[in-house]
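The primary structure of each chain is shown beneath.
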Amino acid sequence: MLKEPPTICGRRNFMQSLLITMFALAGIGMAQAQNSAPGTPAKISTVYTGDVINGKKVVSSLNTSDLEPGKKHLLYFQGVQMSTGQYWYVSVIVAKGAKPGKRITLTSGVHGDEMSSVHTVQTVMNRLNAAEMSGTVMAVLDIARPAMESMQRRWPSSGRGLELIDMNREWPGNENGFSAVSRQAGLVFNRLLKSNTDLAIDFHTGTTGLDASAFHIGDMSIPDVKTMMMLYPIGAIWDNPVYPGVLHNAYIDAGIPCFTPEIGAARRLDLDMIPIFVEGTMNVFKHYGVVPGVVGRTAVDANVYIGKNAFPVLITQGGFIELFVKMNDKVTPGQKVAIQRNAFGEVVAEYTSPVDGLIGSLRSDATSEPGNVLMFILAIDATVSGAPPYVE
Ligand SMILES: [Zn+2]
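Everything numeric in this text was worked out from a predicted model, so none of it was measured. (Residues numbered from 1 in each chain as written. Predicted model: local features only at pLDDT ≥ 70, side-chain atom pairs only at ≥ 80, totals over all residues. Heavy atoms only, no water.)

Peer 1: Is there a simple way to think about the sheet that holds strand β21 (residues 367–368) in this case?
Peer 2: Through backbone hydrogen bonds, the strands of a sheet pair up, either in parallel or in antiparallel fashion. The strand order β19-β18-β16-β21 describes an open sheet built from four strands, whose pairing is antiparallel. Looking at the sheet topology across the chains shown, the edges are occupied by β19 (347–352) and β21. Of the pairings in the sheet, the one linking strand β18 (residues 336–341) to β19 comprises five bridges and is antiparallel in character. Note that in β19 the partner of I339 across the bridge is E350. (Pairing = 2+ DSSP bridges. Helix = DSSP H or I, 4+ residues; strand = E, 2+ residues; numbered from the N terminus.)

This is the structure in structure tokens:
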């Protein structure tokens with residue numbers, strides 16, 4: 001399933017509106033009505049809970065200006081509670097430069113099956129020497145912890161029996177929200193990310209069953225987003241603001257430029273692709289003066305293909321898929337891209353490209369039901385309406 005059906009979203013919004021109306025009619029403010037969770041403090045300061053886990057201090061909010069300069073700090077951020085009353089802690093690394101400068105935040109693990117994004121951030125952080133930095137780089141590695149613990153895209157919520165919720169449709173979250181995942185997003189965004197960040201990069205990969213190429217998603221009309229994306233030696237960019245609820249758009253709504261790199265397939269490390277993203281991220285640090293050094297190869301050197309849309313080809317039958325194209329292939333309208341056979345081996349469907357474009361994402365499972373996405377084609381001109389969105 002690609003995204004939560006609109007009926008459920010609508011119903012949840014309706015229920016939230018209904019409750020707000022009920023509280024308003026009863027003369028009760030939401031803060032009073034939901035006083036089990038504290039509101040967002042006006043000014044974020046560092047709060048140590050007093051707990052230490054595996055030698056790392058635990059914070060429930062963080063102001064990186066409180067940390068000692070010229071050092072790396074390893075912390076746990078205390079997220080939302082589990083059903084047992086314990087907490088979903090999130091791993092935080094802060095490389096606090098010896099001198100002040102831009103504050104850049106790297107995130108991974110908003111989806112729990114996207115391992116190359118975590119490894120990219122780890123690799124970048126290992127390259128940093130805080131003593132020679134001017135500025136701060138913060139990494140938050142495992143934001144959707146329960147999803148990561150089970151190597152799956154979505155957060156297992158206990159609200160109505162176990163249901164899986166896509167955390168990257170929940171941002172900026174709500175500390176008083178109607179699910180643990182909404183509250184986790186609210187806590188992480190308000191008390192960790194937003195007030196410590198001038199520029200942000202939220203790393204992702206393809207998802208289980210649907211591999212991705214190496215490309216960025218971001219809105220190139222925002223100057224710093226364009227600058228950052230073009231600093232990677234990357235072959236493709238999807239220049240599109242995409243949909244509400246994703247972390248990079250919550251940042252942008254807060255005035256913080258952000259984009260989403262996509263690093264190959266889910267569940268495994270793509271050690272050939274990760275170095276492109278490490279090199280590009282180091283270029284971003286150099287460009288903004290956070291680390292010394294000269295910017296290396298960029299998207300111009302990689303002859304980047306910039307698409308305006310990610311056009312989906314949908315699977316129409318059940319059966320076994322045989323692909324005739326590979327990731328990053330250029331395709332033309334009418335070009336045959338796949339066939340599908342039933343259990344008898346009879347061909348039941350032929351698929352063609354509807355557009356001129358570049359294959360940015362491909363189904364990796366060999367079978368499919370109808371209605372799934374076979375591939376997304378990054379296209380310059382195509383317009384898409386009513387189609388399922390690319391699952392970043
Ligand atoms: Zn993702």
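Peer 1: Mind showing me how you'd approach the coordination of the zinc ion here?
Peer 2: Six octahedral donors around a metal ideally sit at 90 or 180 degrees from one another, while four tetrahedral donors ideally sit at 109.5 degrees. Around the zinc ion, the protein supplies H111 (ND1), E114 (OE), E114 (OE), H204 (ND1) and E392 (O) as donor atoms, at distances of 2.0 to 2.6 Å. Counting gaps between the donor residues of the zinc ion yields the pattern H-x2-E-x89-H-x187-E. Highlighted residues: E114 in the loop between β5 (99–107) and α3 (115–127) and H204 in the loop between β9 (199–202) and β10 (210–212), separated in sequence by 90 residues. Like H204, E114 is buried. (Donors = N, O, S within 2.8 Å, 3.2 Å for Na, K, Ca; no water. Buried < 20%, exposed > 50% of the residue type's maximum accessible area, 1.4 Å probe, protein only.)

Peer 1: Is there a simple way to think about the nonpolar core in this case?
Peer 2: When a protein is soluble and globular, its nonpolar side chains tend to lie buried together. Among the nonpolar cores identified, the biggest contains 40 residues, and L106, M125, L128, V137, Y232 and F285 are the most heavily contacted of them. At the level of secondary structure, the elements contributing two or more residues to this core comprise β4 (87–96), β5, α3, β6 (134–140), β9, α6 (223–230), β13 (258–263) and α8 (274–287). In terms of residue count, α8 provides more of this core than any other element does, six residues in total. Apart from the residues within four sequence positions on either side, V137 is in contact with I93, V94, A95, I104, L106, M125, L128, F285 and V290. Counting 33 residues, the second largest nonpolar core, distinct from the first, contains L75, A144, M167 and W171. (Core = buried A, V, L, I, M, F, W, Y, C linked by side-chain atoms within 4.5 Å. Contact = heavy atoms within 4.5 Å.)

Peer 1: Can you help me understand the packing of aromatic side chains in this one?
Peer 2: Considering all chains together, one arrives at 10 aromatic pairs under this definition. With 5.5 Å between their ring centres and 65° between their planes, F215 and Y390 make a pair best called edge-to-face. In this pair, F215 sits in strand β11 (residues 214–218) while Y390 sits in the segment after β22 (373–379), placing the two residues 175 residues apart along the sequence. Ring plane angle 55° and centroid distance 6.2 Å describe the contact between Y232 and F277, whose orientation is recorded as tilted. With Y232 in the loop between α6 and β12 (236–239) and F277 in helix α8, this residue pair connects regions lying 45 residues apart in the sequence. Classification of F277 by relative accessible area gives buried; the value is 0%. Through a chain of ring-to-ring contacts, the aromatic side chains of F215, W238, F376 and Y390 assemble into a single cluster. (Phe/Tyr/Trp six-rings, centres within 6.5 Å; stacked < 30°, edge-to-face > 60°.)

The quantities given are spatial measurements derived from coordinates; they are silent on function.
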